[in-house]
Amino acid sequence: MAQIVILSMPGVLPSALAGVQDMFALGGLRLSESQHSLNPAYQQSWSPEILVASSDGADIIDGQGRYFAVSHGVSQISSCDAVIVPGFMPNQFGVPPEKLLDQPTCEWLRTQYRRGAIIAGSCSGVLALGEAGLLNGRQCTTTWWLHNELKSRFSNACPLWASGLLVDENIVTAGGPLSWVDVTLQVIKMLAGDEVATKVADLAVVDSHPRSQTLHVPKGYQVSKEQFLVDAENVVRQYFGQQLGSHLLAKELSISERTLHRRLKQLTAQAPKQFIDSVRMEYARSLLLNPANKVASIAQELGYSDDAVFRRVFKLHVGMSPSQFRQKYQKS
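These numbers come from a predicted model, not from an experiment. (Residues numbered from 1 in each chain as written. Predicted model: local features only at pLDDT ≥ 70, side-chain atom pairs only at ≥ 80, totals over all residues. Heavy atoms only, no water.)

Looking at this structure, how should I read the pattern of salt bridges?
When charged atoms on two side chains of opposite charge get close, those side chains can pair. Applying the stated criterion to the full structure yields 12 salt bridges. Where Lys 151 meets Glu 233, a salt bridge forms, and the shortest distance between an N and an O atom there is 3.5 Å. One end of the pair, Lys 151, is in helix 4 (residues 147-153); the other, Glu 233, is in helix 7 (residues 227-238), with 82 residues separating them in the sequence. On the basis of relative accessible area, Lys 151 is assigned to the partly exposed category, the value being 31%. Under the relative-accessibility criterion, Glu 233 is labelled buried at 6%. For Asp 277, the salt bridge identified is with Lys 273, shortest N-O distance 2.8 Å. Taken together, the residues Asp 277 and Lys 273, both in helix 10 (residues 272-288) and 4 residues apart, mark about one turn of the helix. Looking at Lys 273, the relative accessible area reads 57%, which means it is exposed. It is possible to trace a salt-bridge network through shared partners that takes in Lys 151, Glu 233, Arg 237 and Glu 282. (Salt bridge = Lys/Arg side-chain N within 4 Å of Asp/Glu carboxyl O. Helix = DSSP H or I, 4+ residues; strand = E, 2+ residues; numbered from the N terminus. Buried < 20%, exposed > 50% of the residue type's maximum accessible area, 1.4 Å probe, protein only.)

What follows is the structure, given as structure tokens:
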């Protein structure tokens, strides 16, 4: 029997604590042939053992100020098949606390990963994975308004802008406070297979394919410790699909080209063209994870009239070709 741990820490979103358990419970349901005769998975049952654990085994106060009972302390769990870290209630500025996990819990997460467990984080729970050192050098994502927060806290992580869900080896990350639905379905898929995951999605009446967050991002959002970079990135994103050079970027930011070059060099060590390309390539990585998106159409969407140029720029920034990136990271 698969054993799955829901990490329950103070300030966690209560919807995730209960909702993740509900999603797994749906996997244990059996429907008779009269209810559903098309797919044999509906007559199968998959019921993993769910452990709700805190750092020390004590009950916690969730993000709505209510007590939530837990069953274990992490030290009582020597091994498991998956750990899900839900998001945390943000403060008035939309960001989670500076410290989400204590050191023993970080070490426990690292140990579970080394032993082969899937480690999954949703929304701001992804930042907890960063505290445990599990995002170093990894493709990851979080909710759109925490993208810059993730980058600033964990410089060795490789976050993809506005991606719905990413899997890098056994690390699963997703964006949005309710992305625990996507994370749970992905864990089910990895442990029990596609048919069981589809069955749970159907019974929960949710989309089994996570979507990009871009439709939900308001223009000109203002969450970052370095406002200049946020403004500059927003301009680049607003000009996706159009030609954009240093002159136009400086004009949109109401500064001179010389000032633009100086500020970007100070903050990113990049010239304006490199900066523009880096923002585009960050989004390109997210688009490439969808097999329906052709490389030529992605190049055009991002403002490259020649997809050969796009391929060359992508390899320069990412270290591999678009096809190699797809082969390594794309999950069906």
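Okay, back to it.
Would you explain helix 7 in this entry?
The periodicity of an α-helix, 3.6 residues per turn, causes residues three or four positions apart to be oriented the same way. Here helix 7 is 12 residues long and its end C-alpha atoms lie 16 Å apart, about the 16 Å a rise of 1.5 Å per residue gives. The buried fraction of helix 7 is high, at 9 of 12 residues. Burial in helix 7 covers these residues: Phe 228, Leu 229, Val 230, Ala 232, Glu 233, Asn 234, Val 235, Val 236 and Arg 237. (Expected span 1.5 Å × (residues − 1).)

Sorry if this is basic, but what is going on with the packing of aromatic side chains here?
Both the distance between ring centres and the angle between the ring planes are used here to describe each pair of aromatic rings. A complete count under the given rule lists 6 aromatic pairs for this structure. Here Phe 24 and Trp 46 contribute two aromatic rings whose centre-to-centre distance is 6.3 Å and whose plane-to-plane angle is 50°, an arrangement assigned as tilted. Taken as a pair, Phe 24 in helix 1 (residues 14-26) and Trp 46 in the loop between helix 1 and strand 2 (49-54) lie far apart in primary sequence, 22 residues in all. Ring centres of Trp 144 and Trp 145 lie 5.7 Å apart, and the angle between their planes is 80°; on these two criteria the pair is classed as edge-to-face. A relative accessible area of 15% places Trp 144 in the buried class. Site record: aromatic cluster; members linked through ring pairs are Tyr 304, Phe 310, Phe 314 and Phe 325. Note that Arg 263 overlies the ring of Phe 228, its terminal NZ or CZ placed 4.3 Å from the centroid. (Phe/Tyr/Trp six-rings, centres within 6.5 Å; stacked < 30°, edge-to-face > 60°. Lys NZ or Arg CZ within 6 Å of the ring centre and 35° of its normal.)

Quick question: what am I supposed to make of the packing of helix 5 (residues 180-192) against helix 6 (residues 194-204) here?
Two numbers describe a pair of packed helices, the interaxial angle and the distance between the axes. Between helix 5 and helix 6, the shortest axis-to-axis distance is 7 Å and the interhelical angle comes to 150°. Taken as axis vectors, helix 5 and helix 6 run roughly antiparallel relative to one another. Judged by the twist between their axes, the crossing of helix 5 over helix 6 is right-handed. Side by side, helix 5 and helix 6 meet where Leu 185, Ile 188, Lys 189 and Ala 192 of the first sit next to Asp 194, Val 196, Ala 197, Val 200 and Ala 201 of the second. Residues belonging to the contact of helix 5 with helix 6 are distributed by class as follows: 7 nonpolar, no polar and 2 charged. (Axes fitted to C-alpha atoms, helices over the stretch in contact; angles between N-to-C directions. Parallel < 35°, antiparallel > 145°, perpendicular 65-115°, else oblique. Left-handed = near helix turned anticlockwise from the far one by under 90°. Contact = heavy atoms within 4.5 Å. Nonpolar A, V, L, I, M, F, W, Y, C, P; charged D, E, K, R; others polar.)

Can you walk me through the sheet that holds strand 6 (residues 82-85) in this structure?
Whenever strands of a sheet pair, they do so through backbone hydrogen bonds, lying parallel or antiparallel. A sheet is described by the order of its strands in space; here 7 strands give the open sequence 5-2-1-6-7-11-10, paired in mixed fashion. Sheet topology places strand 5 (72-73) and strand 10 (165-168) at the edges, where each strand pairs with a single neighbour. Sheet topology note: the strand 2/strand 5 ladder contains 2 bridges and is parallel. Note on strand 5: the bridge partner recorded for Ala 53 is His 72. Contacting strand 1 (3-7), strand 2 and strand 6, helix 1 crosses the sheet at an angle of about 165° to strand 1. (Pairing = 2+ DSSP bridges.)

In this structure, what is going on with the environment of Ile 171? I would like to understand it.
Along the polypeptide, Ile 171 turns up in strand 11 (residues 171-174). With relative accessibility at 0%, the residue Ile 171 sits in the buried group. In contact with Ile 171, not counting residues within four places along its chain, are Tyr 113, Ile 119, Leu 129, Leu 134, Leu 135, Arg 138 and Leu 166.

Looking at this structure, I do not really get the pairing of strand 10. What am I missing?
Regular strands show a simple pattern: their side chains alternate between the two faces of the sheet. Of the two faces of strand 10, both are covered, the one formed by Leu 165 and Val 167 as well as the one formed by Leu 166 and Asp 168. Note: strand 10 against strand 11, 4 bridges, orientation antiparallel. When the sheet's bridge partners are listed, Asp 168 is paired in strand 11 with Ile 171. Turn length for the strand 10-strand 11 hairpin, with the two strands adjacent in sequence and antiparallel, is 2 residues, and the turn residue Glu 169 shows positive phi of about 55°.

Before we go on, may I ask you to explain unusual backbone geometry in this structure?
Glycine aside, residues mostly have negative phi angles, and peptide bonds mostly take the trans form. In this model, Glu 169 sits at a positive phi of 55°, which is unusual for a non-glycine residue. The residue Glu 169 is located in the loop between strand 10 and strand 11 in this model. The phi dihedral of Ala 269 falls on the positive side, at around 60°, and the residue is not glycine. Note on placement: Ala 269 falls in the loop between helix 9 (257-268) and helix 10.

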